[in-house]
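Each chain, written out:
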Amino acid sequence: MFKLSDSGLAAVKSELARYEAKESAIIPSLYVAQKENNGFITPDIIRHLSQVMDIPEARINEVFKFYTMFNQKPVGKYHVQVCTNISCALEGGREMASHICHELGVKYNEVTADGRFTVSKVECLGSCGTAPMMQVNDTYHEKLTPETAMNLLRGMK
Amino acid sequence: MSEVKLLTEFYHLPEYQTLAGYKAKGGYETLHKAFKMQPQQIIDEVKASGLRGRGGAGFPTGMKWGFLPKNGEPRYLLCNADEGEPGTFKDRMMMERAPHQLIEGMIISAFAIGSHKGYIYVRGEYVFPIECLNKAIKEAYAAGLLGKNILGSGFDFDLDVYRGAGAYICGEETGMISSLEGLKGQPKLKPPFPAVQGYLRKPTIVNNVETLAAVTYIIKDGAQTYRKHGTEKSAGTKLFSLSGNVMTPGNYEVPLGYSLMDLIMKEGGGMKPGRKLKAVIPGGSSAPVLTAEEVAKANLDYESLAGLGTMLGSGAVIVIDDSQCMVDMLGVLTHFYAHESCGQCTPCREGTGWLDKILHSILEGRGRLQDIDLLIKVADNMKGKTICALSDAAALPVLSFVTKFRDEFEFYVREGRSKVKGTTYAEMHH
């Protein structure tokens, strides 16, 4: 059974009080819960949030499933998101993504055996002038090559 | 170099991110000036400036504000910072380098339209820009620039940041409102327009980051000074996000009407050694592509690009050189729109999916010659039939790529490999 930590619960309560419509707190609360559950959301979490927020599960679920930044499956400690949209594709973003997968010995959206990495191809991250790029958890890494990207990742323990 | 830095003059200074650094360069002086004006005077000045929405649609800002009901009904000012149009990265820079410029623009705009509550809706991936904004908002509250009775003017304005969670459609203003209301980011039918019925069914003005930042400049130096730059119908300067196969990609602020070729060759440092210009998407991925011959005739203003059958959009100029396969590049775009369709309207939900399936069957060597016309037929049936513009945005690149580079598509179907690269899709991308 998932339960928010005390600080997580306080964060959700403060989001509930922050907006004129309490449903506005769903997205911020999903962020809080996802962080506490190592980067992904389970049906258990939805049930818990529903109780805490007094919002029907179905309402929370539809929001959860609509937005791509909420993960429906476990991800590695480092979620490597490589932009493969047009500006990055023009500068080798797709080749970089497949190089990273090859080097880490993993398919897209899987977790490496040691639990460290998940590699995903994602749509434009607004880093088009510094392509190719990847986002690792919350941090942008820009102007990469397949090699410099791998060097950065090897340093993430 | 022909940059005209009305908004970005001090962006190279790290201290410009802070309240002290922003004030040292005249920051918040315009707010004092604005408080001495009547709200209607500010609206009139913005109208006279010819400022048009910088997020993509290019709608006149002052006119948008004019749609608000003329009563005391509570209203919201919502800043669209959900920058998601592929190729666009200007708002991110503005929030990182000059968060106070946006805040000042929002306070002035809120004062003009009589709003006491504003939100900046930022795309969820922009964690660092959000940090920059939150820091600046905190500074502004501490200095009495936000909250009750700002600078003793009697005007109250609260400002908060809302973090999105990864959905291109939330950049559409009614999709953004849905998202802020805690719903799926699905656009709403217009009318009613947000200015009449927006967030929580209250009148709401949604303006882009760059638009709101420009308001400060317009009030500071006046509409006529702003109009000295740009063209008659496309007034002022605009930030262009230059990306793709050029030597020095980046954000460049130039007067509207500036030559597209100059932006690529001068600001962008030209093509890479040995490469030739093949095509340009001038206004974000939704804008129809231009051939190199068309680029030579194009100026960066709303009218010139409309005259060439494309659009200025968000100002994202994506440069494609002669080493690129247009079938492959269109596959990137069809995948994007199929992924981002919100699923609400049938022509878009089904159309984007079919475009992507047909395109990828061509890319994977299973295409038939009649599929090329089928792409055109499907795209034609997606235009003007849905609640929002995403469907059109998905159809337009398909129509322009297929029509203007038809030989590449026909070659790919016949040979099962790229005319430019000589290889199959699997060979191109492992």
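Every chain begins its residue count from 1, and numbering advances along the sequence as written. Here the convention is simple: chains get letters from A, ligands get numbers from 1, in the order in which they are written. Reporting in this predicted model follows two pLDDT cut-offs: at least 70 for local features of residues, and 80 or more for side-chain atom pairs to be given and counted; totals over whole chains, interfaces and linings ignore these cut-offs and use all residues.

### Topic: the overall build of chain B
- Helix and strand assignments follow DSSP, with helices taken as H or I runs no shorter than four residues and strands as E runs no shorter than two, numbered in order from the N terminus. Of regular secondary structure, chain B possesses 19 helices and 11 strands.
- Computation of the radius of gyration draws on C-alpha atoms, with the globule rule given as 2.2 Å multiplied by the number of residues to the power 0.38. Radius of gyration (C-alpha) of chain B: 22 Å, near the 22 Å computed for a compact globule of 430 residues.
- With the principal axes as the frame, chain B shows a C-alpha extent of 75 × 45 × 40 Å.
- The 430 residues of chain B split such that 57% are buried.
- Contact between two residues is assigned when their C-beta atoms, built from the backbone, lie within 7 Å. A separation of at least 24 residues holds for 70% of the contacts in chain B among residues at least 6 apart in sequence. Partly exposed residues are those whose C-beta has more than 12 but fewer than 20 other C-beta atoms within 10 Å; 20 or more makes a residue buried and 12 or fewer makes it exposed, with C-beta atoms placed from the backbone.

### Points about the overall build of chain A
- Counting its secondary structure elements, chain A contains seven helices and four strands.
- Secondary structure elements in chain A, listed N-terminal to C-terminal, are α-α-α-α-β-α-α-β-β-β-α.
- For chain A, the spread of C-alpha atoms along the three principal axes comes to 50 × 30 × 25 Å.
- Across the 157 residues that make up chain A, the buried fraction comes to 39%.
- Nonlocal contacts in chain A, meaning residues at least 24 apart in sequence, comprise 60% of its contacts between residues at least 6 apart.

### Quick notes on the nonpolar core
- In plain words, the nonpolar core is the set of buried Ala, Val, Leu, Ile, Met, Phe, Trp, Tyr and Cys residues that C-beta atoms within 7 Å link up. In terms of nonpolar packing, the biggest core is built from 176 residues, with B:Leu78, B:Cys79, B:Leu102, B:Ile107, B:Tyr121, B:Leu263 and B:Val280 touching the most fellow members.
- Those residues in contact with B:Leu78, other than ones at most four positions away along the chain, are B:Gly118, B:Tyr119, B:Tyr121, B:Met176, B:Tyr199, B:Thr204, B:Ile205 and B:Val206.

### Looking at the pairing of strand β1 (residues 76–81) of chain B
Residues and elements named next belong to chain B.
- Across the six residues of β1, six count as buried, placing the element largely inside the fold.
- Of the two faces of β1, both are covered, the one formed by Tyr76, Leu78 and Asn80 as well as the one formed by Leu77, Cys79 and Ala81.
- When DSSP finds two or more bridges between a pair of strands, those strands are recorded as paired. As paired elements, β1 and strand β2 (residues 117–122) share six bridges and run parallel to each other. Counterpart to Leu77 in the pairing with β2 is Gly118.
- Bridging between β1 and strand β4 (residues 204–208) involves five bridges; their strand directions are parallel. Note on β4: the bridge partner recorded for Tyr76 is Thr204.

### Digging into helix α6 (residues 93–104) of chain A
- Under the 1.5 Å per step criterion, the end-to-end length of α6(A) is 17 Å for 12 residues, consistent within 8% with the ideal 16 Å.
- Regarding α6(A), the residues found buried are A:Gly93, A:Arg94, A:Met96, A:Ala97, A:Ile100, A:Cys101 and A:Leu104. The arc that holds every buried residue of α6(A), seen down its axis, measures 165 degrees, which confines them to one face.
- Considering only its buried residues, α6(A) is in contact with β1 (78–83), α5 (86–90), β2 (117–122) and α7 (146–154) of chain A together with α19 (425–429) of chain B. One less than the number of residues in a helix, times 1.5 Å, gives the span that helix is expected to have. What the arc covers is the set of directions going from the helix axis to the C-beta atoms.

### What to know about the UniProt feature "binding site: [2Fe-2S] cluster" (unreviewed entry) in chain A
- UniProt positions are given in the numbering used here, feature names are shortened, and annotations may be inferred rather than shown by experiment. Feature annotation in UniProt places "binding site: [2Fe-2S] cluster" (unreviewed entry) on A:Cys83, A:Cys88, A:Cys124 and A:Cys128, given in this structure's numbering. Spatially, the listed residues are clustered: although they cover 46 residues, their C-alpha atoms lie within 9.1 Å of one another.
- Tracing the sequence through the fold places A:Cys124 in the loop between β2 and β3 (134–136).
- Residues contacting A:Cys124, with those up to four places away along its chain left out, are A:Cys83, A:Asn85, B:Gly84 and B:Pro86.
- As for its position among the elements, A:Cys128 is in the loop between β2 and β3.
- Note on A:Cys128: 34 C-beta atoms within 10 Å, which makes it buried.
- With sequence-adjacent residues up to four places away left out, A:Cys128 is seen in contact with A:Ser87, B:Gly87, B:Phe89, B:Ser241 and B:Ser243.

### Regarding the interface of chain A and chain B
- Tallying the contact residues gives 33 residues for chain A and 42 residues for chain B.
- Per element, the largest residue contribution to the side of chain A that touches chain B is four residues, and it comes from α5(A).
- Tallied by class, the residues present in the side of chain A that touches chain B amount to 17 nonpolar, nine polar and seven charged. Think of it as three bins: nonpolar holds Ala, Val, Leu, Ile, Met, Phe, Trp, Tyr, Cys and Pro, charged holds Asp, Glu, Lys and Arg, and polar takes everything else, Gly as well.

### A closer look at the environment of B:Tyr126
- Here B:Tyr126 is to be found in the loop between β2 and α7 (127–142).
- Taking the C-alpha atoms as reference, B:Tyr126 lies 8.9 Å from B:Asp82; in sequence the two are 44 residues apart.
- Ignoring anything within four residues of it in the chain, the contact list for B:Tyr126 reads A:Gly126 and B:Arg92.

### Brief notes about the sheet that holds strand β3 (residues 158–163) of chain B
Residues and elements named next belong to chain B.
- Strand order in the open sheet formed by four strands is β3-β2-β1-β4, with parallel pairing between adjacent strands. Each having just a single partner strand, β3 and β4 make up the two edges of the open sheet. Strand-to-strand twist across the sheet, computed as the mean angle between neighbouring axes with direction ignored, equals 20 degrees.
- To get an axis, a line is fitted to the C-alpha atoms, and for a helix only the part in contact is used. The angle between two axes follows their N-to-C directions and goes from 0 to 180 degrees. Relative to β3, α7 is tilted by about 165 degrees, and along the sheet it contacts β2 and β3.

### A few points about the confidence of the model for chain B
- Predictor confidence is given residue by residue as pLDDT, running from a minimum of 0 to a maximum of 100. A residue-level look at chain B finds 100% of positions with pLDDT of 70 or above and a mean pLDDT of 97.
- Model confidence for the complex: the whole-complex pTM is 0.97, and ipTM, which rates the interface, is 0.97.

### Focus: the packing of helix α5 (residues 90–97) of chain B against α7(B)
Residue and element names in this part refer to chain B.
- Running from N to C, α5 and α7 point in directions that differ by 40 degrees, and their axes come no closer than 8 Å. Along this stretch, α5 crosses α7, giving a crossing that reads as left-handed. Taken together, the residues of α7 that come into contact with α5 (itself represented by Arg92, Met95 and Glu96) are Phe128, Pro129, Cys132 and Leu133.
- Partitioned by chemical class, the residues of the contact of α5 with α7 number five nonpolar, no polar and two charged. Take the far helix as your reference; a near helix turned counterclockwise from it by less than a right angle gives a left-handed crossing, and one turned clockwise gives a right-handed crossing.

### Examining the sheet that holds β2(A)
All names here are of chain A.
- Taken together, the four strands give an open sheet; going across it, the order is β2-β1-β3-β4, and neighbouring strands pair in mixed fashion. Two strands in the sheet have a free side with no partner beyond their single neighbour: β2 and β4 (139–141). Going from strand to strand, the sheet's axes swing by 25 degrees on average, the running direction of each strand aside.

### Quick notes on the environment of A:Arg47
- Counting through the fold element by element, A:Arg47 comes out in helix α3 (residues 43–53).
- In sequence terms A:Arg47 and A:Ile26 are 21 residues apart; their C-alpha atoms lie 13 Å from each other.

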